[in-house]
Amino acid sequence: MELAHADLQTISLTEPLPGLLRRIGGTPLVRLTRLAGGLPETVAVYAKAEHLNPGGSVKDRAALAMIRAGLRSGALAGGKTLIDATSGNTGIAYAMIGAALGIPVTLAMPANASEERRKMLETYGAELILTDPMEGTDGAQRFVRARVARDPDRYFYPDQYNNNANWRAHFDGAGVEILDQTGGGVTHFVAGLGTTGTFTGVARRLKAFDPAIRCLSVQPDTPLHGIEGLKHMETALVPGIYDPALADAALTVETEEAYETTRRLAREEGLLVGVSSGANVAAALRVARSLEAGVVVTILCDAGTRYLSDSFWNPTR
Amino acid sequence: MSTTQTLTRIHIPTPLRAYTNHEATVAVAGATVGEALANLVARYPELKRHLFDDEGRLRSFVNVYVRDEDIRYLEGDRTPLGAGDELSIVPSIAGG
């Protein structure tokens, strides 16, 4: 694999993107001050505010990159419908970008996805297929594979779990931005594993810049968990793009700790983000507390507004 | 326990089937959701820490449905079970 900085240029399109889509990426890096209180002045914790992408999540980057790769290769041509399995965020990104570019979008998602999520997708004009909640996103993936196998000419199937454009979006995007925004000073990167695209892409970029930068992956501590968006790899369909050797250490977070940190991010930092962001920040704070000096960077994956109907915001329930 | 008591079928999500000898459904006795779940973890003790906290309460993120209704909107673990009721433990949504 070629990791040269020149790769940055290969992603650019010859045609200008609609204005909305040019706002994907370039997100702020915010320092956590109150949650990181009590740390020595030599230790800083920063969060990449990916929830401020136009589609409200880090997935805007991967979805745009996979769609552009499909347009470039010709796989997405001739009025084909984009189809993929999603837990929600990639679907919302596909639906938004599809609407802006005139590409029809069909998404398979477990039927227990939140009402907000479903309404958002339908409002963007995507067709929704709800799959068995008992099988989670693995079931949605199996459904899409079967549908595409039956009717291959009808669909463009980016297959986010196995598409190199997914992690490359973060290699070319968030990875470069984190180096710029920390002036090359980042010492630790902490991020959860879903498709593993964010962790893989950013970690590869940071390691290419300086192999001494420690990259730590985050997973739920148990197979049944409430950290929406993250996978417990041991019991899940493992994405093809997952490279376990990339992580210097694999951290785990309890759902209750992720919930608590998510609530604190809203109330103490003014950052209304989802549970996977809470898991990332909880793990990043743990790493930060173990350091005498360092710059820890993590990811705020998506906006909290799409979870408002969930009960975890109120800890008494 | 009455010998005429009907059994409730509990649907086990794929991530937890490693703890139920790969059974997708398990039939247990119990007049309420709480009793049925207690009987489930009595049969498969390794399931216990995945469903209950140290105080024996259902962990906050465990979604249990009876008749397609979340027990949080019924009577929680005191929700009564009738003949033919099925119970589902539904995983949260993971990954992308």
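Worth saying up front: this structure is predicted, and the values here are computed from it rather than measured.

So, how was this worked out
Residues numbered from 1 in each chain as written. Chains lettered and ligands numbered in written order. Predicted model: local features only at pLDDT ≥ 70, side-chain atom pairs only at ≥ 80, totals over all residues. Heavy atoms only, no water. Helix = DSSP H or I, 4+ residues; strand = E, 2+ residues; numbered from the N terminus. Rg over C-alpha atoms; globule rule 2.2 N^0.38 Å. Buried < 20%, exposed > 50% of the residue type's maximum accessible area, 1.4 Å probe, protein only. Contact = heavy atoms within 4.5 Å. Areas by Shrake-Rupley, 256 points an atom, 1.4 Å probe, with all protein chains shown as cover. Lys, Arg positive; Asp, Glu negative; His and termini not counted. Charge placed at Lys NZ, Arg CZ, Asp CG, Glu CD. Domains from an automatic or database assignment. Buried area = accessible area lost by both parts, 1.4 Å probe. Pairing = 2+ DSSP bridges. Axes fitted to C-alpha atoms, helices over the stretch in contact; angles between N-to-C directions. Salt bridge = Lys/Arg side-chain N within 4 Å of Asp/Glu carboxyl O. Polar contact = N/O pair within 3.5 Å; in protein donor to acceptor, adjacent residues only side chain to side chain. Nonpolar A, V, L, I, M, F, W, Y, C, P; charged D, E, K, R; others polar. Parallel < 35°, antiparallel > 145°, perpendicular 65-115°, else oblique. Right-handed = clockwise from strand over helix to strand, strands pointing away.

A. Molecular detail of the overall build of chain A. If you tally the helices and strands in chain A, you get 11 helices and 10 strands. A globule of 317 residues ought to have a C-alpha radius of gyration of about 20 Å, and chain A, at 19 Å, matches this closely. Scored against the burial criterion, the 317 residues of chain A give a buried share of 59%. Taking as baseline every contact in chain A between residues at least 6 positions apart, the subset at least 24 positions apart corresponds to 73%. Surface summary for chain A: the accessible area is close to 12,100 Å², and the carbon and sulfur share equals 50%. Distance from the positive charge centre (31 side chains) to the negative charge centre (35 side chains) of chain A: 3 Å.

B. Structural view of the domain arrangement of chain A. All names here are of chain A. Partitioning chain A into structural domains gives domain 1 (7-58 + 164-313) and domain 2 (59-156). Put simply, the middle of domain 1 and the middle of domain 2, counted by C-alpha atoms, are 23 Å apart. Facing the 39 residues of domain 1 at the interface are 24 residues of domain 2. In total, domain 1 and domain 2 occlude about 2,600 Å² of area from one another, counting both sides; carbon and sulfur atoms represent 55% of this. When the buried area of domain 1 at its contact with domain 2 is split by residue, Ile 24, Leu 237 and Arg 306 rank highest and sum to 23% of it.

C. Representation of the sheet that holds strand S1 (residues 8-11) of chain B within the structure. Residue and element names in this part refer to chain B. Read across the open sheet, the five strands follow the order S2-S1-S5-S3-S4; overall the sheet is mixed. The strands lining the two open edges of the sheet, one partner per strand, are strand S2 (25-28) and strand S4 (69-70). In the packing of helix H1 (residues 33-43) onto the sheet, contacts are made with S1, S2, strand S3 (63-66) and strand S5 (86-90), and the angle to S2 comes to roughly 115°.

D. Just the interface of chain A and chain B, in detail. On the chain B side, the residues contacting the 33 residues of chain A number 25 residues. Seen at the junction of chain A and chain B, the total is one salt bridge. For Glu 256 of chain A, the salt bridge goes to Arg 59 of chain B, with nearest N and O atoms at 3.0 Å. Across the chain A-chain B interface, the total number found is one residue pair in polar contact (both at pLDDT 80 or more). Top contributing element to the side of chain A that touches chain B by residue count: helix H10 (residues 255-269) of chain A, with three residues. Each residue belonging to the side of chain A that touches chain B can be placed in one class, and the counts come to 10 nonpolar, 16 polar and seven charged.

E. Examining the packing of H10 of chain A against helix H11 (residues 275-289) of chain A more closely. Residues and elements named next belong to chain A. Remark: H10 packs on H11, axes separated minimally by 7 Å, with the N-to-C direction vectors making an angle of 95°. Regarding the angle of H10 to H11, the classification is roughly perpendicular. Contacts from Glu 257, Ala 258, Tyr 259, Thr 261, Thr 262 and Leu 265 of H10 reach H11 at Val 275, Ser 277, Gly 278, Ala 279, Val 281, Ala 282 and Arg 286. Partitioned by chemical class, the residues of the contact of H10 with H11 number seven nonpolar, four polar and two charged.

F. Expanded view of the environment of Tyr 157 of chain A. The topology assignment puts Tyr 157 of chain A in the loop between strand S6 (155-156) and helix H7 (164-172). Contact partners of Tyr 157 of chain A, with chain neighbours within four places excluded, come to Ile 83, Asp 84, Gln 141, Val 144, Arg 145 and Val 148 of chain A.

G. Examining the pairing of strand S5 (residues 127-131) of chain A more closely. All names here are of chain A. By the bridge criterion, five bridges tie strand S4 (residues 105-110) to S5 in an arrangement that is parallel. Of the residues in S5, the one forming a bridge with Met 109 is Leu 130. With helix H5 (residues 115-123) bridging S4 and its parallel neighbour S5, the resulting β-α-β unit is right-handed.

H. Fine view of unusual backbone geometry. Residues and elements named next belong to chain B. Even without a glycine there, the phi angle at His 22 is positive, about 65°. With respect to the helices and strands, the residue His 22 is situated in the loop between S1 and S2. The phi torsion at Arg 67 lies on the positive side, around 50°, for a residue other than glycine. Tracing the sequence through the fold places Arg 67 in the loop between S3 and S4. When its relative accessible area of 48% is taken as the criterion, Arg 67 is described as partly exposed.

I. Representation of the pattern of salt bridges in the model. Throughout the structure, instances matching the rule amount to 21 salt bridges over all chains. With a closest N to O distance of 2.9 Å, Glu 268 of chain A and Arg 264 of chain A form a salt bridge. In this pair, Glu 268 of chain A and Arg 264 of chain A are both assigned in helix H10, four residues apart and thus about one turn of the helix distant. Among the residues examined, Arg 264 of chain A registers a relative accessible area of 29% and is labelled partly exposed. Glu 55 of chain B is the salt-bridge partner of Arg 57 of chain B, the closest N and O atoms lying 3.1 Å from each other. Taken as a pair, Arg 57 of chain B and Glu 55 of chain B share a single burial class, namely exposed. In the salt-bridge network here, residues are joined through shared partners; they are Lys 48, Glu 50, Arg 61 and Glu 177 of chain A.

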